[in-house]
Amino acid sequence: MSLTRYLPTPSDRMGILWNLLTVKESIVLEYGPAGTTHFSMSLYGELGVEQENQLFTTHMSEDDVVMGDVTRLEDAIVELDEAYHPKVIFVVGSSIASVIGTDIKGVCNYMQERVQARLVCFDQGGFRGDYSLGCQAVWSLLAQEFPKVGDVQENVYNLVGVSAGSYRMRSDVWEIQNLMSEAFHMTLGTSFCVDTSVEALEQAGSARLNLVLREEAREAAEILEERCGIPWVFGMPYGYQATLDWLREIGKALGREPEQSVIDRLREKAMKAAMYKMYGRMLKQDKVGAVLVGEYHTLAGLGTFLSGMGIPVESSLCLHSLRCVKEPQEPIRHPDTERERMDILGNVHRKLILGDDISFRMCPKDNVFLRISLPVIRGAQTANHLPLMGEKGADFILETVEEYFQLVQ
């Protein structure tokens, strides 16, 4: 691991925890030292994830580590079951538990007879990769273990690939709900995994369609299709044209057309956005360009949107590994070190920068910047009605594009 000046990439353990903490009617129990869990809690708060009476740790003593004693874990499972009566206790391994090779799955298997709550184990511990793999692990296991096959609800869909660790994700969910309601008169059943519950996950098997928003969620969608027979549509609706195409693909899967008023409105906005190509050609001094920093699905979607407006993406830096992406789009790549990222951003001038707050610190101040990804260093993430996806997200992005053209004209 290279030296890090700012913030390291969260591990798979972190991706597991911040997704599980959004599942109501459940408790997350981490088998590890209290300090490890306490260190993570401030991050969960910044993500808008509730922790009170939902996140617990067993703590571990030196004897537990040296002798492999799991009594604390056994006692904690029983205590939480009796005190809170959750439907599910997610038992998550820490880095220490992984290092000493604790058989957490085995403990959960024999402890299941002693408690009413269902025990579900995640023993990754932070050594299998970054948080994108943790997200994939959660979505896939929840899709495998919880949905029950039931009568199809024709006007209900699920969202697969929703993570509290993505910037403005609740706003994106809000925008998708509005679009699906207006275009198809459909309602959201379950999201994997923001603001959901054990009951909602159990009912996910009766949805008419799954909407898959990122590459890491494809595996979960395939599991749901095999187990419950739910078809799925993959798409990242960033920008007017992409949102229009996405709605049409959904219409094909449903066997019905989106409402014409939605199609007409998006088509008109897409045509107006395409006019920005002309503005770029008229510039005499600067050559327009953009640099993106964020999660893969955001980079892919916004990169296509900007390119369609005549703003080429010169660098696209992914904040996590591309291990879950089968065929990464050009020019998206994951820098090997933070130093490489600093060198790239430190030499960018008079460009449109879409990234996180750390990227803002790395870039010269003669660029136009918009935050599109975590972490948030300046201010806070508060509003749940300011998306990056969909029609309203494109409206929002265009405001910064206008600001950028004022800089370079």
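It should be emphasised that the depicted structure is a prediction, and the values quoted were computed from it without experimental measurement. (Residues numbered from 1 in each chain as written. Predicted model: local features only at pLDDT ≥ 70, side-chain atom pairs only at ≥ 80, totals over all residues. Heavy atoms only, no water.)

Enquirer: Please explain the state of the cysteines as it appears in this structure.
Expert: Note on terminology: a disulfide is the covalent bond linking the sulfur atoms of two cysteines. Inspection of the entire model under this criterion finds 0 disulfides. Free cysteine Cys-108: the closest other cysteine sulfur is in Cys-121, separated by 4.7 Å. Cys-108 gets classed as buried once you look at its relative accessible area, which sits at 4%. In this model Cys-193 remains outside any disulfide bridge; the closest cysteine sulfur is found in Cys-135, 9.3 Å from its own. (Disulfide = S-S within 2.5 Å. Buried < 20%, exposed > 50% of the residue type's maximum accessible area, 1.4 Å probe, protein only.)

Enquirer: Explain the sheet that holds strand S4 (residues 88–93) here, please?
Expert: Two strands in a sheet stick together by hydrogen bonds in their backbones, pointing the same way (parallel) or opposite ways (antiparallel). Strand order in the open sheet formed by 4 strands is S3-S2-S4-S5, and the pairing between neighbours is parallel. Lying at the two open borders of the sheet, with one neighbouring strand each, are strand S3 (55–57) and strand S5 (118–122). The average undirected angle you get between the axes of adjacent strands in this sheet is 25°. Of the strand pairs in this sheet, S4 and S5 are connected by 5 bridges, and their pairing is parallel. From the neighbouring strand, Val-92 faces S5, where its bridge partner is Phe-122. Of the strands in this sheet, strand S2 (26–31), S4 and S5 are in contact with helix H6 (residues 104–111), which crosses S5 at around 175°. (Pairing = 2+ DSSP bridges. Helix = DSSP H or I, 4+ residues; strand = E, 2+ residues; numbered from the N terminus. Axes fitted to C-alpha atoms, helices over the stretch in contact; angles between N-to-C directions. Contact = heavy atoms within 4.5 Å.)

Enquirer: I keep staring at helix H1 (residues 12–20) and nothing clicks. Help me out?
Expert: Residues lying three or four places apart along an α-helix face the same way, a consequence of the helix completing one turn every 3.6 residues. Within H1, 9 of the 9 residues are buried, which leaves the element mostly enclosed by the surrounding structure. Buried within H1 are the following residues: Asp-12, Arg-13, Met-14, Gly-15, Ile-16, Leu-17, Trp-18, Asn-19 and Leu-20.

Enquirer: Help me out: how do you make sense of helix H7 (residues 131–145) in this one?
Expert: Between its terminal C-alpha atoms H7 stretches 21 Å, which fits the 21 Å expected from 15 residues at 1.5 Å a residue. Most of H7 is tucked away, with 12 of its 15 residues classed as buried. The complete set of buried residues in H7 reads Tyr-131, Ser-132, Leu-133, Gly-134, Cys-135, Gln-136, Ala-137, Val-138, Trp-139, Ser-140, Leu-142 and Ala-143. Those residues of H7 that are buried lie in contact with H1, S4, S5, strand S7 (187–192), helix H9 (198–203) and helix H10 (218–228). (Expected span 1.5 Å × (residues − 1).)

Enquirer: Whenever I open this one, a nonpolar patch on the surface confuses me. Can you help?
Expert: A grouping of Met-275, Met-278, Tyr-279 and Met-282 is seen on the molecular surface, where their side chains present a nonpolar patch of about 400 Å² in accessible area. Along the polypeptide, Tyr-279 turns up in helix H13 (residues 276–282). Judged by relative accessible area, Tyr-279 falls into the partly exposed class, the value being 37%. (Patch = residues over 30% accessible without salt bridge, like charges linked within 9 Å, V, L, I, M, F, W, Y side chains within 5 Å. Areas by Shrake-Rupley, 256 points an atom, 1.4 Å probe, with all protein chains shown as cover. Salt bridge = Lys/Arg side-chain N within 4 Å of Asp/Glu carboxyl O.)

Enquirer: Help me understand the packing of H1 against H7 in this model?
Expert: In helix packing, the relevant descriptors are the interaxial angle and the interaxial distance, both defined with respect to the helix axes. As a packed pair, H1 and H7 sit with axes 6 Å apart at the nearest point and diverge in direction by 45°. The angle between H1 and H7 places the two elements in the oblique class. Considering the relative orientation of H1 and H7, their crossing is right-handed. Taken together, the residues of H7 that come into contact with H1 (itself represented by Asp-12, Gly-15, Ile-16, Trp-18, Asn-19 and Leu-20) are Tyr-131, Leu-133, Gly-134, Cys-135, Val-138 and Trp-139. When the residues that make up the contact of H1 with H7 are grouped by side-chain class, the tally is 8 nonpolar, 3 polar and 1 charged. (Parallel < 35°, antiparallel > 145°, perpendicular 65-115°, else oblique. Left-handed = near helix turned anticlockwise from the far one by under 90°. Nonpolar A, V, L, I, M, F, W, Y, C, P; charged D, E, K, R; others polar.)

Enquirer: Is there a simple way to think about the pairing of strand S6 (residues 153–160) in this case?
Expert: Successive residues of a regular strand alternate their side chains across the two faces of the sheet. Here 5 bridges tie S6 to strand S9 (residues 207–212), and the two strands are oriented parallel to one another. For Gln-153, the partnering residue across the bridge sits in S9 and is Ala-207.

Enquirer: Would you mind showing me how to read the environment of Gly-310 here?
Expert: Tracing the backbone through its elements, the reader meets Gly-310 in the loop between helix H14 (296–308) and strand S12 (313–318). Judged by its relative accessible area of 28%, Gly-310 is partly exposed. Taking the C-alpha atoms as reference points, Gly-310 and Lys-277, separated by 33 residues in sequence, lie 4.3 Å from one another. Apart from the residues within four sequence positions on either side, Gly-310 is in contact with Lys-277 and Val-288.

By themselves these figures say nothing about function.
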